[in-house]
Amino acid sequence: MEIRTRFAPSPTGFMHVGGVRTALFNYLIAKKNKGTFILRIEDTDQKRYTEGALEVIYKTLKDLGLFWDEGPDIGGEYGPYVQSERKSNYLEYAKKLVNEGKAYYCFCSNERLEDLREKYEKNNMTFVYDGICRGIEKEELEKRIENGEPYVIRFKTPKLGTTVYEDEVYGKIIVKNSELEDLILVKSDGMPTYNFANVIDDHEMGITHIARGNEYISSTPKYKLIYEALGWETPKFIHLPIIKKNQFTNKKLSKRDSDATVEDLNNSGYLNEAILNMLALTGWSPGGEKEIFSLQEMVEAFSIEGISSGNAIFDTTKLNWMNGIYIRKEDIEYITDLSIPFIINAGFITEVDATERREWLKRVINAVRGNLEYLAQITGHINIFFGDTVEPEDDESKEILAGEQVPEVLKAFKTKLEQIEEINEDFVKGVFKEIQKETGIKGKNLYMPIRVAITGQAHGPEMNEILYILGRDLMLTRLGKMGR
Ligand code: GLU
């Protein structure tokens, strides 16, 4: 049997990391089984629709490499893939259920429902619609519809018995039918509810596995009843644990968290590769020591059995660690592209510099990337490469410059610089040995004063790289301004 999964976001305008994890797990289940991954847009709640929201979904998934095999933009055998374009379809199924006595028209006004809800709540009971419209006679019904009275279509949930389904992650879920309400299938505007539309679409699109957030666990028995009423087989349900922000607070990562969308994370300089890797491990355990996975490696290692119902922690400390690994390991051209906006924003360079001095920038970025956990931090590391003057930044560096042999070392270094036109390999390879030979000064006493004099810092990137990046003229300028 072909495995078919779907990611079914509502177009809300942003992609919460929880949504991305759902997309990723559906993608992995499909790809692991050489199956099909579908993108479906659930826009039946038009109030929540925001302009440009589709583009956010497309862009985020594409940037992350989660390409879909069927979807609104590329079509497929089971289209359309946008729910608002499938409206008439849902209505037909709802009417079929009404005709078979499995659903009914409900004319209850909002006021009546509100009163009812209040009554239940006063008695500390969970509100369940009382089903009064179940009993409307055919004649009255026709008259009320004819008179244009607004109605919804509700599912006739059995009052007796239990509904059971086997969740792939949470195990057996059992509910008493008496606790389930008569679900609204079609709203008064003719639009289906999410509850109804997801069942119809999942069936019609041949979905075999549904992975989604565990907030849907308690609704799934209701969906199961609809599948049964329509005589359909239920797909496999894989509910995913809620993502927590960290293990200490137990706080749920919510849409209001500033780092909860992929865009927010990108804006701080988290790489998509790291975000995806981290999300894979948020609810899924590959078993074993390996933690760094490319998307392809995730596909190979993935199994539904590895998903656990607990422990889905999106831990910033771990994300930082993981992101640092990707910053060091990804291609330097890519890291340069991603770093440039931060460097421009901090005022170190202009847009023009970013193009004209790209080769130089690449070297700068490469020299410091080993220190970064996220790219926004880069501006705190590259300042040594900008500006004509440097000051020793702390007591340690001041002390180094106060050393007895410093004037001699710096003078020798300056002379060497003056003898060349620009930094080249011979110079870099030979300069320290030569100064050592000429002055007899070696090791720390030789390197440290030069490092501090040209960068202001006692620690930093590799010395040879610093020579290349700063270049002859700037080093001479800095030494001169320091009165050396
Ligand atoms: N449209 C739903 C949401 O965005 C999808 C739920 C599901 O996957 O069934 O939460």
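Everything below is about the structure shown above.
Rules used throughout
Residues numbered from 1 in each chain as written. Predicted model: local features only at pLDDT ≥ 70, side-chain atom pairs only at ≥ 80, totals over all residues. Heavy atoms only, no water. Helix = DSSP H or I, 4+ residues; strand = E, 2+ residues; numbered from the N terminus. Rg over C-alpha atoms; globule rule 2.2 N^0.38 Å. Contact = heavy atoms within 4.5 Å. Lys, Arg positive; Asp, Glu negative; His and termini not counted. Charge placed at Lys NZ, Arg CZ, Asp CG, Glu CD. Near = heavy atom within 4 Å. Polar contact = N/O pair within 3.5 Å; in protein donor to acceptor, adjacent residues only side chain to side chain. Areas by Shrake-Rupley, 256 points an atom, 1.4 Å probe, with all protein chains shown as cover. Nonpolar A, V, L, I, M, F, W, Y, C, P; charged D, E, K, R; others polar. Buried < 20%, exposed > 50% of the residue type's maximum accessible area, 1.4 Å probe, protein only. Core = buried A, V, L, I, M, F, W, Y, C linked by side-chain atoms within 4.5 Å. 1 Å grid on protein atoms, 1.4 Å probe; cavity = no way out; pocket = protein on both sides within 12 Å on 5 of 7 lines; lining within 4 Å. Points joined across faces, edges and corners; volume = space filled by probe spheres on them. Axes fitted to C-alpha atoms, helices over the stretch in contact; angles between N-to-C directions. Parallel < 35°, antiparallel > 145°, perpendicular 65-115°, else oblique. Phe/Tyr/Trp six-rings, centres within 6.5 Å; stacked < 30°, edge-to-face > 60°. Salt bridge = Lys/Arg side-chain N within 4 Å of Asp/Glu carboxyl O.

Draft legend 1. Representation of the overall build of the protein. If you tally the helices and strands in the protein, you get 19 helices and nine strands. Relative to a compact globule of 484 residues, whose C-alpha radius of gyration would be 23 Å, the protein shows 32 Å and is clearly more extended. In terms of its C-alpha atoms, the protein occupies a principal-axis envelope of roughly 110 × 45 × 45 Å. Taking the intrachain contacts of the protein between residues at least 6 apart in sequence as the baseline, contacts between residues at least 24 apart amount to 73%. Within the protein, one finds 63 positive and 78 negative side-chain charges whose respective centroids are separated by 3 Å.

Draft legend 2. The arrangement of the site of the ligand in detail. Around the ligand, the neighbouring residues are Arg6, Ala8, Pro9, Ser10, Glu42, Tyr194, Arg212 and Tyr216. Here a nitrogen atom of the ligand sits 3.1 Å away from a polar atom, N or O, in the side chain of Ser10. At a separation of 2.7 Å, an oxygen atom of the ligand approaches a polar side-chain atom of Tyr216. Considering the ligand on its own, with 300 Å² of exposed area, one finds that the protein chains cover 82% of that surface. Residues that form the shell around the ligand fall into these classes: four nonpolar, one polar and three charged.

Draft legend 3. The arrangement of the side chain of His209 in detail. With respect to the helices and strands, His209 occurs in strand E8 (residues 209-213). Among the residues examined, His209 registers a relative accessible area of 7% and is labelled buried.

Draft legend 4. Main features of helix H9 (residues 272-280). With respect to burial, H9 is a largely interior element, eight of its nine residues being buried. In this fold, the buried residues of H9 make contact with helix H1 (17-32), helix H2 (53-64), helix H8 (262-267), helix H10 (295-301), helix H11 (316-329) and helix H12 (332-345).

Draft legend 5. Main features of the environment of Glu330. Along the chain, the position of Glu330 falls in the loop between H11 and H12. Residues Glu330 and Ala23, spaced 307 residues apart in sequence, show a C-alpha to C-alpha distance of 24 Å. Contacts of Glu330, omitting those with residues within four sequence positions, involve Leu271, Glu273, Ile335 and Arg369.

Draft legend 6. Structural view of the nonpolar core. Core analysis: the biggest nonpolar cluster contains 106 residues, and Leu24, Phe385, Phe413, Ile450, Ile454 and Leu467 have the highest contact counts within it. Leu24 has contacts with Leu66, Leu276, Leu279, Ala280, Leu295 and Met298, leaving out every residue within four places of it along the chain.

Draft legend 7. Quick peek at the layout of surface pockets. Volume-wise, the second largest pocket comes out at about 780 Å³. If you go around the second largest pocket, you meet 30 residues; those closest to its centre are Asn110, Leu113, Val152, Ile184 and Lys187. Only helix H4 (110-122) and strand E4 (152-155) provide two or more residues apiece to the lining of the second largest pocket. For the lining of the second largest pocket, the leading source of residues is H4, giving four residues.

Draft legend 8. Layout of the packing of H1 against H9. For the pair H1 and H9, the least separation of the axes is 10 Å and the interaxial angle reads 75 degrees. Taken together, H1 and H9 sit at an angle that is classed as roughly perpendicular. Residues Val17, Val20, Arg21, Leu24 and Phe25 of H1 lie in contact with H9, whose contacting residues are Leu276, Leu279 and Ala280. In terms of residue class, the contact of H1 with H9 is built from seven nonpolar, no polar and one charged.

Draft legend 9. The packing of aromatic side chains, seen in detail. For the coordinates displayed, the defined rule picks out 16 aromatic pairs. Taking the centre distance of 4.8 Å and the plane angle of 80 degrees together, the rings of Tyr105 and Tyr151 count as edge-to-face. In this pair, Tyr105 is assigned in strand E3 (residues 103-106) and Tyr151 in the loop between helix H5 (138-146) and E4, connecting sequence segments 46 residues apart. Given a relative accessible area of 11%, Tyr105 falls into the buried group. On the basis of an interplanar angle of 40 degrees and a centroid distance of 4.8 Å, the ring pair of Phe432 and Tyr447 is categorised as tilted. One end of the pair, Phe432, is in helix H17 (residues 425-439); the other, Tyr447, is in helix H18 (residues 444-455), with 15 residues separating them in the sequence. Under the relative-accessibility criterion, Phe432 is labelled buried at 6%.

Draft legend 10. Region of the structure containing the pattern of salt bridges. For the coordinates displayed, the defined rule picks out 31 salt bridges. Glu434 is paired through a salt bridge with Lys416; the nearest N and O atoms lie 3.2 Å apart. Of the two residues, Glu434 sits in helix H17 while Lys416 sits in helix H16 (residues 406-418), which places them 18 residues apart along the sequence. On the basis of relative accessible area, Glu434 is assigned to the partly exposed category, the value being 36%. A relative accessible area of 10% means that Lys416 is categorised as buried. A single network of salt bridges, built from pairs that share partners, joins Arg6, Arg40, Glu42, Arg86, Asp201, Asp202 and Glu204.

Draft legend 11. How the structure looks around unusual backbone geometry. A cis amide bond, omega -5 degrees, links Gly79 with the succeeding residue Pro80. Phi at Asn124 is positive, roughly 55 degrees, even though this residue is not glycine. If you trace the backbone, Asn124 turns up in the loop between H4 and H5. On the basis of relative accessible area, Asn124 is assigned to the exposed category, the value being 75%.

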